[in-house]
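This is what each chain is made of:
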Amino acid sequence: MQQKAFKDKVEITKNEIILEPDEFQIDGDLLKLSGFWIEGNQKIQAYYNIGTKNEKKHLSKIDTIKTLVVTANVEQILPPTNENQFDYRTFMRGKKIVNTAQISKLEVGDEAPHQGAIADLIAATHGLRKRILNYFAALPAPLNGYSQILLLGYYSQNFSTQLEQINKLGLLHLFSLSGMHIFYILSAIRFVLGYMHITRETCEDLILIILPFYAILGGLSSSLIRAVMMSWLMILSSKFFDNGLDGVEAEAVVLLLNLLYSPELVHSMGAQLSYLLTFVLMMSKKMNVWQLGLKMNGYSVPLILWHTFRWNMLTTVTSILIIPVFEWIIIPSVLLGVLFPQLSFLCNEILFWIAKGIEVTAKLPSNIVFGKPPLAIVIFWLGLMFALEVVKSKKKIYFWKFVSYLLVGIMIKMPLHDEIVFLDIGQGDCTLIRRRFNREITLIDTGGKISFQNKQWQKRHSKENGETVVANYLLSKGVSKVNWLFLTHQDTDHVGNFPVISRLVKIEKILVPSGMEKTASFERRLLLSANKKQDVVPISTEKVE
């Protein structure tokens, strides 16, 4: 069903949104939720600024399906306004959401009305997911974060640091393959039912019923949907045909169905890696772990560069070493830790030292800022990987891979023309001046959002546009170092994003008006940044307004 997108802002009064208990997050004083808007007959993404600490506490306790009565402004999700900025509109359309609502008034009503046995069962599954999430959150770290993301597809704010480290090492494809734990779950179900002397046919029938509800329980992530639907189709087809669907055939059917339901799925890095690397795994069963790791790395690098613009020199080695660790230690530790409380301490210790190893490795100076390659080149690189599967003479393929990566890297990092870019950061100013061949990179101001959140409970942890816009643009252009950062004055809308940018892109020298370097607000920001006092150069000039 095609959703209606509101091109102009529309005010709605006392409309109802059906909220599942696992479809909202609270970040400081911000409530973020996805719910079904009854009057608009569509799912919608909504935001609400929480007024008091007590209201936050009340909202956080929602654990059953509720009807929210809201007054809000509704408009379509806007496209990105900067080159290579994260496309939030396309991302949300992949979830069948086209509009966003800024709620000004919110009342939590009673439980939503019953809509039939199936709907009530689905609602109960969402409620169960919420209670399990709360149970996982109470586990020790990092077991809590690993269990939430791997078993329920939930990205906790407390797990963001570990996720950034995993991303820095180029290992996100492991979480794209998180559906591999379905293998353990199905094996456990078959073992338990077999121990109870239940026939194999009855066991398979029960699994066909259980799997769809586990997909809901797991958050309906793209990787989980792939794993669940593939297993479901393979079991179902084997019941009616002597030779049921094999893994490759099942994946092809699932991919086709998902694309028919949501064509925007093709834009998601998680979905791309999940389907591609699952196919590679199924076609490479005879390879040893080193060969498989190299092969998976070869397929994943083009997509990782397209989405993140960076590559870690240790990715190949770490991905080879961590695949068996992930399959035989991380996933079993997570499952045992959450199912058997008496083992949670031991399992958490195992995960703690694995996380510590990832942290130490991620801090090594091995990250290369490559930039964003053209889409045609990404397809060409993937084509070369597929060519390696069929051609006998592989030397030419390896030669073209090496030459093309080298030439594209040079092309991105050495532009032939000077460039001035005025970045749209919403609030404040930010201007980039880039000399040809990247001989000199100058950034004038960084922008920043003025915040009036003075109390601890109001503080948010969401990403700043200094990361999602400014640093993203620089990295996409292969810029890993800014020679000069001019901060014209100390107002937040001019310097607020400076700390986060400095942690992602090296800044050699910071020029500020004389006297500004001694102010308390600038010194606080400098402490949060990757720069030191010796990098700051005061200059005598009139204050720029």
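The subject of this paragraph is a nonpolar patch on the surface. Taken together, Trp328, Ile329, Leu336, Leu339, Phe340, Leu343, Leu346 and Ile350 make up a surface patch of nonpolar side chains, about 750 Å² in accessible area. Going through the elements one at a time, helix H13 (315–339) and helix H14 (344–362) are the ones with two or more residues in the nonpolar patch. With four residues, H13 is the single largest residue contributor to the nonpolar patch.

Attention now moves to the sheet that holds strand E11 (residues 441–444). As a general point, the strands of a sheet are linked pairwise by backbone hydrogen bonds and lie either parallel or antiparallel. One open sheet accounts for six strands, arranged E9-E10-E11-E12-E13-E14; its pairing is mixed. The two strands at the open ends of the sheet, each matched to only one other strand, are strand E9 (419–422) and strand E14 (536–539). Strand-to-strand twist across the sheet, computed as the mean angle between neighbouring axes with direction ignored, equals 20°.

Let us look at the pairing of strand E5 (residues 66–76). A regular strand carries its side chains on alternate faces of the sheet. Counting buried positions along E5 yields eight of 11 residues, so the element is predominantly enclosed. Of the pairings in the sheet, the one linking strand E1 (residues 10–19) to E5 comprises eight bridges and is antiparallel in character. Paired with Ile17 across the two strands is Leu68, which belongs to E5.

A cluster of like positive charges, contributed by Lys53, Lys57, Lys61 and Lys455, occupies part of the molecular surface. Tracing the sequence through the fold places Lys57 in helix H1 (residues 53–60).

Here helix H5 (residues 160–168) crosses H14 at 55°, and the two axes come no closer than 9 Å. On the basis of their axis angle, the class for H5 and H14 is oblique. For the pair H5 and H14, the crossing hand works out as left-handed. Along the contact surface, H5 presents Gln165, Ile166 and Lys168, while H14 presents Ala355, Ile358, Glu359 and Ala362.

This brings us to the environment of Tyr275. Its location among the elements puts Tyr275 in helix H11 (residues 269–282). Under the relative-accessibility criterion, Tyr275 is labelled buried at 8%. A sequence separation of 117 residues divides Tyr275 from Asn158, and the C-alpha atoms of the two residues are 28 Å apart. In this structure Tyr275 touches Arg226, Glu251, Val254, Leu255, Asn258 and Leu265, once residues within four positions along its chain are discounted.

Turning to unusual backbone geometry, a few remarks are in order. The omega torsion of the bond from Ala141 to Pro142 falls at 10°, within 30 degrees of zero and hence cis. If you check the backbone angles, Asn84 has positive phi at about 65° while not being a glycine. Classification of Asn84 as buried rests on a relative accessible area of 18%.

This paragraph deals with the nonpolar core. Judged by nonpolar contacts, the single largest core of 42 residues is most densely connected at Tyr146, Leu151 and Ile330. Elements supplying a minimum of two residues to this core: helix H3 (117–137), helix H4 (143–151), H5, helix H7 (181–195), helix H8 (200–217), helix H9 (222–240), H13 and H14. Setting aside residues up to four positions removed in sequence, Ile330 forms contacts with Tyr146, Leu150, Val325, Leu351 and Ile354. Core analysis: the next-biggest nonpolar cluster, separate from the first, contains 30 residues, Val369, Ile425, Cys430 and Tyr473 among them.

Across all of its chains, the model carries 12 aromatic pairs by this definition. Considering the side-chain rings of Phe370 and Tyr405, the 6.4 Å spacing of their centres and the 75° angle between planes classify their relative orientation as edge-to-face. Of the two residues, Phe370 sits in the loop between strand E8 (367–369) and helix H15 (375–390) while Tyr405 sits in helix H16 (residues 395–413), which places them 35 residues apart along the sequence. Ring plane angle 5° and centroid distance 3.9 Å describe the contact between Trp381 and Tyr405, whose orientation is recorded as stacked. Of the two residues, Trp381 sits in helix H15 while Tyr405 sits in helix H16, which places them 24 residues apart along the sequence. Tyr405 matches Trp381 in its accessibility class, with the two residues each being buried. Through pairs of rings, three or more aromatic residues link up here, namely Phe86, Tyr88 and Phe91.

Mapping Leu511 onto the fold places it in strand E13 (residues 506–513). Taking the C-alpha atoms as reference, Leu511 lies 27 Å from Gln85; in sequence the two are 426 residues apart. Not counting residues within four places of it along the chain, the set of residues in contact with Leu511 comprises Trp484, Leu485, Phe486, Leu487, Val537 and Ile539.

About the cut-offs
- Residues numbered from 1 in each chain as written.
- Predicted model: local features only at pLDDT ≥ 70, side-chain atom pairs only at ≥ 80, totals over all residues.
- Heavy atoms only, no water.
- Patch = residues over 30% accessible without salt bridge, like charges linked within 9 Å, V, L, I, M, F, W, Y side chains within 5 Å.
- Areas by Shrake-Rupley, 256 points an atom, 1.4 Å probe, with all protein chains shown as cover.
- Salt bridge = Lys/Arg side-chain N within 4 Å of Asp/Glu carboxyl O.
- Helix = DSSP H or I, 4+ residues; strand = E, 2+ residues; numbered from the N terminus.
- Pairing = 2+ DSSP bridges.
- Axes fitted to C-alpha atoms, helices over the stretch in contact; angles between N-to-C directions.
- Buried < 20%, exposed > 50% of the residue type's maximum accessible area, 1.4 Å probe, protein only.
- Lys, Arg positive; Asp, Glu negative; His and termini not counted.
- Charge placed at Lys NZ, Arg CZ, Asp CG, Glu CD.
- Parallel < 35°, antiparallel > 145°, perpendicular 65-115°, else oblique.
- Left-handed = near helix turned anticlockwise from the far one by under 90°.
- Contact = heavy atoms within 4.5 Å.
- Core = buried A, V, L, I, M, F, W, Y, C linked by side-chain atoms within 4.5 Å.
- Phe/Tyr/Trp six-rings, centres within 6.5 Å; stacked < 30°, edge-to-face > 60°.

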